[in-house]
Amino acid sequence: MFYDLVSQSCHACPEPRALRSGGGKPLTRRLAALAVAAALMTGTAVPAFADVYDIRKGSITIVANGDGTAKVTQNETVNDKDDDVKVTGSNEVTGNTVDIINNTDNDLKVTLSDVTITDPKGDAAPVSVSGTGNTAIELDGSNTLKSSGWHAGLERNEEKNSDGNVVSGKLTIQDEDKNGSLDATGGFGGAGIGGANIKNSGALEITGGTITATGKQDGAGIGGGGSGGDGMVTISGGNITARGGSSDNPNAACGAGIGGGGFRGTGTVTITDNAKVDNATGGEGAAGIGSGLVGNVTVNISGNATVNAEGGANGAGIGGGYASAGDVTIEGGTTVSAAGGVGGGAGVGGGADLAGDEDTRNRVTIRSNGDGSPDVSAVGGAPEPGQDGEDASKGGAAIGSGALISPDEDTMEADADITIEGKVTISAVAGKDGVAIGANGKEKAFDDLLPGSSIDRRNTDGKDISLPGDKTAEKTPAAESASNGRLDALTGLTVTDAAGKAVAYTLTWQGGTVTVKVDAAFASLQMTYDALCWLRSHGMQTMLFCTQERTASVSAVELLGVCTQDTTVVWNNDGISSALRVNGADHSTLLK
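Cut-offs and rules
- All chains use their own residue numbering, which begins from 1 and follows the written sequence.
- Under the rules for a predicted model, residues below a pLDDT of 70 receive no local features and side-chain atom pairs below 80 are neither given nor counted, while totals for whole chains, interfaces and linings still include all residues.
- Only hydrogens and water are removed before side-chain values are computed, so all heavy atoms of the structure are retained for them.
- Working definition: helices are DSSP H or I runs of at least four residues, strands are E runs of at least two. Numbering for both runs from the N terminus.
- Categorising residues by exposure relies on relative accessible area from a 1.4 Å probe, with only protein chains included: less than 20% of the type maximum marks a residue as buried, more than 50% marks it as exposed, and the intermediate range marks it as partly exposed.
- Computed with a 1.4 Å probe, the accessible areas rest on the Shrake-Rupley method; for each residue, only the protein chains presented here act as cover.
- In the sections that follow, a salt bridge refers to a side-chain nitrogen of Lys or Arg positioned within 4 Å of a carboxyl oxygen of Asp or Glu.
- Points on a 1 Å grid over protein atoms alone make up a cavity when a 1.4 Å probe fits among them but cannot get out, and a pocket when they form an open set with protein on both sides within 12 Å along at least five of seven lines; lining residues each have an atom within 4 Å of a point.
- Grid points are joined across faces, edges and corners, and a volume is the space filled by probe spheres set on the points.
- In this count, Pro and Cys sit with the nonpolar residues alongside Ala, Val, Leu, Ile, Met, Phe, Trp and Tyr, while Asp, Glu, Lys and Arg are called charged and the others, Gly among them, polar.

S.K.: Before we go on, may I ask you to explain the overall build of the protein in this structure?
M.R.: The secondary structure content of the protein amounts to 3 helices and 47 strands. In the protein, buried positions account for 51% of the 592 residues. Total accessible area on the protein is roughly 25400 Å²; 47% of this is exposed by carbon and sulfur atoms.

So this is what it looks like as structure tokens:
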């Protein structure tokens, strides 16, 4: 269905005249009316009809029927069955709005096509979505929604039943035709996309489109409304720019770019697949991606997502806002850049001024998996400026905890549980007098990173403060073991020639594929069960064994399926064939 919101005061392009029969109603409407009447008399289903709606005639209400159609009402005009709901045009003069309601078990789709709603009348959102059913907004062309009340630009509030259980359906913003954009701005305390003031957002997912979302005051760009609205956001596609609300008051509690709004606004944020967050910026006291003030958060970034985030004053780039803990996981083939806000926010991790106790700590995990290896650049926030010109805090950690502001001598920052494993590339620049990776002045060391890993630690002056184990070579040449005369590149994995003599090999890692390469016509690879388990736990999905004239591969999962504790795997390659034996039993059928 196609609904036109274009102002009828525009007379430059008059409407074409409808076909008429005699001097009565337009012929198309008369035929439609006859069809409906006939359907009612015969007991058959009423067919769906398309019509064009002008927003100047009134606001539009769209209610799902539960059969893939919707009832659309505009003043006295009602279309009971519309199977292709589309809204278009501008209400810049009228202030009319669009309400979408789905209380059915079936999904409802509504298309916004070049819609502009910038001054909704009364206390209303330009476009609001409600109900227990799921709703998808398809974007065509350029769409602009700007709230003038206490509402979000595109509003989806969390709804609960009488027992306090969340019953609201999910709002999905999509761009299946790859031709759409949305610029959404909240009113006072409203998110750009998500909750109204003092409202949690319902479940939100963005799968496509060019999206710009701006909260106002303490509303998140995408997520919760002001004064503590929680945000539940998934971004799996599209190009996203999100900015939390801001204020001229330096003590204001503002919203995250993506996540929670205002004071005690928490967030659960997932960014995955091929999503591109071009920029997510927190308002004062809030994270770029994460929580508002005093509101903890969980953030997961995975797949091949690209993310750039910057915290507001005292907020982490990705993680907690002021006095808030961050629980952040970054994995797979992601590219992430995060900068903590001025006032001691961590680049990735906690917000500033969060004191530690047994139950309060930040958690950061960065690891490779079958989707690839993460590339993370993190910068700790600068110190909190003091009134006397002296710093009132240290700078924040690049990865870890935020700094305390004017702390007592015996007060400690909230600690940070940091896990870095697999193959990673990390650049970590500490805030002034802070740590690159860690908390409370202590750098966290990491061992057993996969070949090709690189952790580059710098202080705020650019001095290299990297630790042993931070860097491993991409190709690990076999080296003579003084203890047994064997050549090992990885403990538990050796290669011998036809005479049983150990030979040199290289082991390389790309994504989820581990390749063992030998410069010989015949070679025999021997691997322990522990070595196989270690490779698998660090993301190996496939192993390749390459000799001069033959390459064969095996699935790590299938190989583990025929192995037990104390197993020895023997894999032979010659110029003609490959053979795989596990504890003497032939499993060559696993090879490809």
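S.K.: It is not clear to me how the pattern of salt bridges should be interpreted in this structure. Could you clarify?
M.R.: Side chains bearing opposite charge may pair, as long as their charged atoms lie close to each other. All told, the structure shown has 16 salt bridges when counted by the stated rule. K170 is the partner of E205 in a salt bridge, and the nearest nitrogen-oxygen pair spans 2.8 Å. Here E205, found in strand β14 (residues 203-206), pairs with K170, found in the loop between β10 (154-155) and β11 (171-174); they are 35 residues apart in sequence, far enough to count as distant. Judged by its relative accessible area of 17%, E205 is buried. Looking at K170, the relative accessible area reads 30%, which means it is partly exposed. The shortest N-O distance in the salt bridge between R363 and D417 comes to 3.8 Å. On the criterion of sequence distance, the pair formed by R363 in strand β29 (residues 361-367) and D417 in strand β32 (residues 415-421) is long-range, its members being 54 residues apart.

S.K.: What am I meant to see in empty space enclosed by the protein here?
M.R.: What the rule picks out here adds up to 1 cavity of 30 Å³ or more. Reported here for the largest cavity is a volume of approximately 50 Å³. For the largest cavity, the lining is made up of 13 residues, of which G395, A397, E413, G434 and V435 are closest to its centre. Counted by class, the lining of the largest cavity contains 4 nonpolar, 7 polar and 2 charged residues.

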